[in-house]
Amino acid sequence: KHLGYRLALEHAVHRSRHLISVSQYTKDSILKHFRVSDKKVSVVHNGVKAPSDGKGVDLSSLGVYSPYFLYVGNAYPHKNLEMLLHTFSRFAEERPFVQLVIAGRRDIFSRNLEREANEICLGPERIRFVDLPSDDEISALYRACSLFIYPSRDEGFGMPPLEAMLAGAPVAAAHSASIPEVLKDHAQYFHPDDIEALLRIMHAASVQPDRLRAESEKHAAFAKRYDWKRCAEETLTIYQNFPLY
């Protein structure tokens, strides 16, 4: 099955008139694995929609109480949430009043993560799994969190950290894949295997929350550059430069 998918993808890559990639990282991966010309692939970064104001959402109804750290997205293995879990477990020994909130779709991966949390004595009062939150609930979670954490090992682009910035949240992210390309110097970085580095960031967010939020307006202004109108215009230009007929 995997081989069939690979062959189909390779066929599509070589038969295509031109390729559009959401990041330079993804483009480099295409060039490496499929050996096509550099000129055949253009990079057009995604846009990001600004979160709603999240007013009217009662986070306590979700079992969420400030202060808390936040992750939004799925729980697939490459998201590296086990590392986040074990880092937070150490953090919780010293700061028992902070929650970790993981918001996304409940599936076999998130249920496995929840079992692991229970095994290392992180009950629902310390780590809260929010299943299929609405757009307004996600916006409210972004706006009230002490720190948004994105530990992923592999991302073609990665929208949640930019959404968090637009909502005014400070961001900590793994220095891996396309993440530093997209976020540039508007996040605090840690190696995806470096528990100590993430632990230091967690402590800073807990002890000095105002300092981390001091540059939130600058980070939000940066995130606004990822605009869907700009993305559409750049994509249209490529279509016009590489017509099918």
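Source: prediction; values computed, not measured. (Residues numbered from 1 in each chain as written. Predicted model: local features only at pLDDT ≥ 70, side-chain atom pairs only at ≥ 80, totals over all residues. Heavy atoms only, no water.)

Chemist: How would you explain the sheet that holds strand β6 (residues 147–150) if you had to name every residue and give the values?
Modeler: Strands sit in the order β5-β4-β3-β6-β7-β8 across an open sheet of 6 strands; the sheet is parallel. Taken across any chain shown, the strands that pair with only one partner, and hence form the sheet edges, are β5 (127–131) and β8 (188–190). Recorded for the sheet is a direction-independent mean angle of 25° between the axes of neighbouring strands. Inspection of the sheet shows strand β4 (residues 99–104) paired to β5 by 5 bridges, in the parallel sense. Within the sheet, the bridge partner assigned to Val101 lies in β5 and is Arg128. (Pairing = 2+ DSSP bridges. Helix = DSSP H or I, 4+ residues; strand = E, 2+ residues; numbered from the N terminus. Axes fitted to C-alpha atoms, helices over the stretch in contact; angles between N-to-C directions.)

Chemist: Outline the environment of Val182, supporting the account with residue identities and numerical values.
Modeler: Residue position: Val182 is located in helix α7 (residues 179–183). Each C-alpha atom, one on Val182 and one on Asn46, is 9.7 Å from the other, the two residues being 136 residues apart in sequence. Those residues in contact with Val182 that sit more than four places away from it in its chain are Phe157, Leu162, Phe222 and Tyr226. (Contact = heavy atoms within 4.5 Å.)

Chemist: I'd like to hear about the environment of Ala197, residue by residue, with values.
Modeler: With respect to the helices and strands, Ala197 occurs in helix α8 (residues 195–207). Sequence-wise, Ala197 and Thr87 are 110 residues apart; in three dimensions their C-alpha atoms are separated by 9.5 Å.

Chemist: Which residues make up the nonpolar core, and what are the values?
Modeler: For soluble globular proteins, the rule of thumb is that nonpolar side chains tend to be buried together. Among the nonpolar cores identified, the biggest contains 63 residues, and Phe69, Leu70, Phe88, Phe148, Leu162, Leu183 and Phe190 are the most heavily contacted of them. Examining the composition of this core, we find that 7 residues originate from one element, helix α3 (residues 81–94), more than from any other. Once residues within four sequence positions are removed from consideration, Leu162 is found in contact with Val48, Phe157, Val182, Leu183, Phe222, Ala223 and Tyr226. Judged by nonpolar contacts, the second largest core, of 7 residues, contains Leu19, Ile30, Val36 and Val41. (Core = buried A, V, L, I, M, F, W, Y, C linked by side-chain atoms within 4.5 Å. Buried < 20%, exposed > 50% of the residue type's maximum accessible area, 1.4 Å probe, protein only.)

Chemist: Tell me about the packing of aromatic side chains, and please be specific about residues and values.
Modeler: For the structure on display, the rule yields 9 aromatic pairs. Here the aromatic rings of Phe69 and Phe88 are separated by 6.3 Å at their centres, their planes lie at 85°, and the arrangement is edge-to-face. A residue pair is termed long-range when its members are at least 10 positions apart, and Phe69 in strand β3 (residues 68–72) and Phe88 in helix α3 qualify at 19 residues. Taking the relative accessible area as the measure of exposure, Phe69 reaches 1% and is therefore buried. Its relative accessible area of 0% is what places Phe88 among the buried residues. Ring geometry for Phe222 and Tyr226: centres 5.8 Å apart, planes at 80°, overall edge-to-face. For Tyr226, a relative accessible area of 7% translates into the label buried. Among the aromatic residues, those joined into a ring-pair cluster are Tyr71, Tyr142, Phe148 and Tyr150. (Phe/Tyr/Trp six-rings, centres within 6.5 Å; stacked < 30°, edge-to-face > 60°.)

Chemist: How would you summarise the pairing of β4 if you had to cite specific residues and measurements?
Modeler: Taken across its 6 residues, β4 has 6 buried, putting it largely inside the fold. On β4, burial covers both faces: Gln99, Val101 and Ala103 on one face and Leu100, Ile102 and Gly104 on the other are all buried. Looking at chain direction, β3 and β4 are connected through 5 bridges and run parallel. Bridge pairing links Leu70 to Val101 in β4.

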